[in-house]
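So the chains spell out like this:
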Amino acid sequence: MAAAPELELSSALSLELLPTDPLLLILSFLDYRDLVSCCYLNRRLNQLSSHDPLWKRHCKKYWLISEEEKSRRNQSWKAIFISTYSDLGRYIHYYATLKKAWDDLEKYLGQWCPRMIGSLKESVREEDLDAVEAQIHCKLPDDYRCSFRIHNGQKLVVPGLMGSMALSNHYRSEDLLDIDTAAGGFQQRLGLKQCLPLTFCIHTGLSQYMALESVEGRNKYEIFYQCPDQMARNPSAIVMFITGTSYLEWFTSYVNKVVTGGYPIIRDQIFRYVHDKECVATTGDITVSVSTSFLPELSSVHPPHYFFTYRIRIEMSKDALPEKACQLDSRYWRITNAKGDVEEVQGPGVVGEFPIISPGRVYEYTSCTTFSTTSGYMEGYYTFHCLYYKDRFFNVTIPRFHMVCPTFKVSTA
């Protein structure tokens, strides 16, 4: 039987013969690294990889460059990407997230806390951050460095960017430290070895710290409030209330809470009260809602003493009839800790006041409580009397609200 003739290809498939549009479509799915690599494969791919619209997506994704900024810079998309990468390339995995957070925060502050905008400092240079690393003999995490390439924290002013808290005899407002002030507060003492302050309150001396190394039981780049162990003989015994596992997570989660209205703005300040949307109760025309906050500077783990503050809002519907106007006479609380121990409290008024509520009116007040356990909850009711019918009394439900201490680590000292 005769052998079959061998098949021969009349012509080899050539990249040069492929149409441009499908190749550009394929290249549009590549990341910037692969797009750069294509420039070195052959002349055709080099030409196609330089097609300017291909770089538009990367400029917007990694550097948040807008059409307006491109027009202002009068450069191609590729040139903008390359010049920005040469300056900020080490931060390419953090920059867009942190820049968006800063942009969102500035926009929000401009609307609700305009005087705080003036306290923000301009960005620092790369060599400034290198100098700080040389000064403290420790490497700064890239997400932290990246944030300071956008804004160098804020001036030491009040109100602080990182939130305020006020009680009758206690006030704090935390500033986001600039890089030089943070470096000046770098710790090498026992209990806080290799910890860098991120914030500072001029009223309490309070700071949130970031651990730059995994020492003394801390994880690298963990962020925390310090809490001295009052029962230890060793003064370097420091317990930590954890507030973040990295700078990126810590800063962006805070900003998200601010710009979504999670924290109330009171007298041009950000107050760090957390409101659970489920924590609302309506009785007739009156609605009661509660937000809470944990105060680490007034708390301790040893001995167990966990301090919480709560803010209560009492509002009468604007559609209520005028004769529904009433006055608060007394309060009743049922307070339960994590062990199930119950304490009942009853007394006249609230914080020494007997507020009058009428249609459309709001009354808010702040109070506090402590637990010997890491969590607990409160619930109860207010007793009101009608102003038009003074012999009519009724109770208004206060919804159950929970208070939970953040995660903490016990000192290794």
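Residues numbered from 1 in each chain as written. Predicted model: local features only at pLDDT ≥ 70, side-chain atom pairs only at ≥ 80, totals over all residues. Heavy atoms only, no water.

An unreviewed UniProt entry lists the chain under the name F-box only protein 3, from Callaeas wilsoni. You can read under Pathway (unreviewed entry) in the UniProt record for the chain the words "Protein modification; protein ubiquitination." If you open the UniProt record of the chain and go to Subunit (unreviewed entry), you find "Part of a SCF (SKP1-cullin-F-box) protein ligase complex SCF(FBXO3) consisting of FBXO3, SKP1, CUL1 and RBX1. Interacts with PML, interaction is direct and takes place either alone or within the SCF complex." (UniProt positions renumbered as here; feature names shortened; annotations may be inferred.)

### Examining unusual backbone geometry
Most peptide bonds take the trans form, and the phi angle of most residues other than glycine is negative. Between V158 and the following residue, P159, the backbone shows a cis peptide bond with an omega angle of 5 degrees. Positionally, P159 belongs in the loop between α10 (142–150) and β1 (164–167). Cis peptide bonds are those with omega within 30 degrees of zero, and the linkage from H302 to P303 qualifies with 0 degrees. Position of P303 among the secondary structure elements: in the loop between β12 (286–294) and β13 (306–316). Backbone geometry places H137, a non-glycine residue, at a positive phi of 60 degrees. (Helix = DSSP H or I, 4+ residues; strand = E, 2+ residues; numbered from the N terminus.)

### Describing the domain arrangement of the chain
According to the domain assignment, the chain contains domain 1 (20–90), domain 2 (96–260) and domain 3 (273–406). Using C-alpha coordinates to define each centre, domain 1 is positioned 57 Å away from domain 3. (Domains from an automatic or database assignment.)

### Concerning the sheet that holds β13
The strand order across the open sheet built from 4 strands is β11-β12-β13-β17, with neighbouring strands paired in antiparallel fashion. Pairing within the sheet leaves two strands with one partner each, and these edge strands are β11 (274–283) and β17 (362–371). Strand-to-strand twist across the sheet, computed as the mean angle between neighbouring axes with direction ignored, equals 20 degrees. Relative to β13, β12 runs antiparallel, the two being bridged by 9 bridges. When the sheet's bridge partners are listed, S291 is paired in β13 with R311. (Pairing = 2+ DSSP bridges. Axes fitted to C-alpha atoms, helices over the stretch in contact; angles between N-to-C directions.)

### Comments concerning the UniProt feature "domain: ApaG" (unreviewed entry) in the chain
Mapped onto this structure's residue numbering, the UniProt feature "domain: ApaG" (unreviewed entry) falls at residues 280–410. Note that residues 280–410 is 0% helix and 62% strand, and that its end C-alpha atoms are spaced 35 Å apart.

### A closer look at the pairing of strand β14 (residues 326–337)
Most of β14 sits out of view: 9 of its 12 residues are buried. In terms of strand pairing, β14 meets strand β16 (residues 356–357) through 2 bridges, oriented antiparallel. Looking at the pairing, Q327 lines up with I356 of β16. As paired strands, β14 and strand β18 (residues 375–386) are joined by 11 bridges and run antiparallel to one another. The partner of S330 across the bridge, within β18, is T383. Both β14 and strand β15 (residues 342–348) contribute to a ladder of 7 bridges, which runs antiparallel. Within the sheet, the bridge partner assigned to R331 lies in β15 and is G347. (Buried < 20%, exposed > 50% of the residue type's maximum accessible area, 1.4 Å probe, protein only.)

### So, the sheet that holds strand β7 (residues 223–228)
The 5 strands lie next to each other as β4-β6-β7-β8-β20, forming an open sheet whose pairing is antiparallel. Two strands bound the open sheet, and with one partner strand each, they are β4 (195–197) and β20 (408–409). Alignment of strand β8 (residues 238–244) against β20, held across 2 bridges, turns out to be antiparallel. Considered in β20, the bridge of M240 is made with K409. Its contacts with the sheet place helix α12 (residues 247–259) against β6 (208–211), β7 and β8, and it is angled at close to 60 degrees to β8. (Contact = heavy atoms within 4.5 Å.)

### Brief notes about α12
Owing to its 3.6 residues per turn, the α-helix aligns residues three or four sequence positions apart on the same side. Along its 13 residues, α12 runs 18 Å from first to last C-alpha, staying within 8% of the 18 Å computed at 1.5 Å per residue. Residues Y247, W250, F251, T252, Y254, V255 and V258 constitute the buried set of α12. Count one or two residues on from α12 and you reach G261, which has phi positive near 80 degrees. (Expected span 1.5 Å × (residues − 1).)

### Here we look at the side chain of Q187
Residue position: Q187 is located in the loop between α11 (179–184) and β4. Residue classification places Q187 among the buried positions, given a relative accessible area of 15%. A polar contact of 3.0 Å, which involves the side chain of Q187, links it to the backbone oxygen of G185. For Q187, the contacting residues outside a window of four places in its chain are L192, K193, Q194, C195 and Y209. (Polar contact = N/O pair within 3.5 Å; in protein donor to acceptor, adjacent residues only side chain to side chain.)

### Here we look at the packing of aromatic side chains
For the structure shown, the criterion picks out 27 aromatic pairs. Ring centres 5.9 Å apart and planes at 10 degrees place the aromatic pair Y247 and F251 in the stacked group. With Y247 and F251 both in helix α12, this residue pair falls 4 residues apart, about one helical turn. Residue classification places Y247 among the buried residues on the basis of a relative accessible area of 1%. For F251, a relative accessible area of 0% translates into the label buried. Aromatic pair W333 and F401: ring centres 5.9 Å apart, planes at 85 degrees, arrangement edge-to-face. Of the two residues, W333 sits in strand β14 while F401 sits in strand β19 (residues 393–404), which places them 68 residues apart along the sequence. When sorted by exposure, W333 lands in the same class as F401, which is buried. Taken together, the ring pairs in this structure connect Y32, W55, Y62, W63, F81, Y85 and Y95 into an aromatic cluster. Here the basic side chain of R392 rests over the ring of Y389, its NZ or CZ set 4.2 Å away from the ring centre. (Phe/Tyr/Trp six-rings, centres within 6.5 Å; stacked < 30°, edge-to-face > 60°. Lys NZ or Arg CZ within 6 Å of the ring centre and 35° of its normal.)

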